[in-house]
Amino acid sequence: MQTDEIAPTDKKEQQILTQLKQVFDRLGVIVVTHEAQVKSLTQRGEQLLSHYFPHCESCSLPESLQHWFKHQISLLISKGKIPSSCFPLHIERAGKQLLIRLSSNLIREQYLILLEEQELKSFSISSLELLGLTKREAEVLFWVAKDRSNAGIAKVLGCCEGTVRKHLEHIHAKLGVQTRTAAVMFALERLGLLQESLVSISS
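## With respect to the pairing of strand β2 (residues 38–41)
Bridge count for strand β1 (residues 28–32) against β2 is three bridges, and the pairing is antiparallel. Bridge assignment links I30 to a residue of β2, and that residue is L41. In this structure, the hairpin formed by β1 and β2 is closed by a connection of five residues, where A36 is found at a positive phi of approximately 70 degrees.

Below is the structure:
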């Protein structure tokens, strides 16, 4: 897809095209027909397709992606919008994931499929710090999620149980929860891991 083929009529339009090109350079973009036939795609889109669907042909979507696309189109036609519950599609490979989104905006009876590669999120001490916890608070919550008692956490961290309880009080206050279970569930949800993780927690 070459945005520079469109002749800009004014400075504002040029700015819009520049912004679109920046987005297209970062994301993989595929232009497809209603029948899932590929009309064009960006270089990044071709790279992502070949990486996540190594045996696909450039002129058509991979079979699994075709099924997803046609289902989205059927929902779009019946409801007039793409329901968030069925969207986007996630595909994992080698520690990364591909997010596939369908744009509901038609361009000359063609659809845009957006591809974006992301690092897989993990439930780790460093990721818990991103929720606003200190390193020690993140360590405590991490071990809570591993079903460790206060005494067990104190032993691992080399502190007393009273210190662990104090850290838990701070964690509850920062996350706006009242129990250990709620704290872990909140963290999983914020990290986008709630549906992917089954954690045994003692309350």
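## A few points about the packing of aromatic side chains
Scanning all chains against the criterion turns up two aromatic pairs. Taken together, a centroid distance of 5.8 Å and an interplanar angle of 75 degrees make the contact between F69 and Y111 edge-to-face. You can see F69 sitting in helix α3 (residues 63–79) and its partner Y111 sitting in strand β5 (residues 111–119), a full 42 residues away along the chain. Consider the rings of F142 and W143, whose centres lie 5.3 Å apart with planes at 85 degrees: the pair is edge-to-face.

## Re the confidence of the model for the protein
Residues at a pLDDT of 70 or more form 77% of the protein, whose mean pLDDT is 79. Across the protein, the element-wise mean pLDDT spans from 69 in helix α1 (residues 11–26) up to 95 in helix α7 (residues 161–175). For residues 1–8, every residue scores under 50 in pLDDT, and the model assigns this stretch 15 contacts once sequence neighbours within four places are set aside. Predicted confidence for residues 196–203 stays below pLDDT 50, and this span has 17 contacts to residues more than four positions away or in other chains.

Basis of the calculations
- Residues numbered from 1 in each chain as written.
- Predicted model: local features only at pLDDT ≥ 70, side-chain atom pairs only at ≥ 80, totals over all residues.
- Heavy atoms only, no water.
- Pairing = 2+ DSSP bridges.
- Helix = DSSP H or I, 4+ residues; strand = E, 2+ residues; numbered from the N terminus.
- Phe/Tyr/Trp six-rings, centres within 6.5 Å; stacked < 30°, edge-to-face > 60°.
- pLDDT = per-residue confidence, 0-100.
- Contact = heavy atoms within 4.5 Å.

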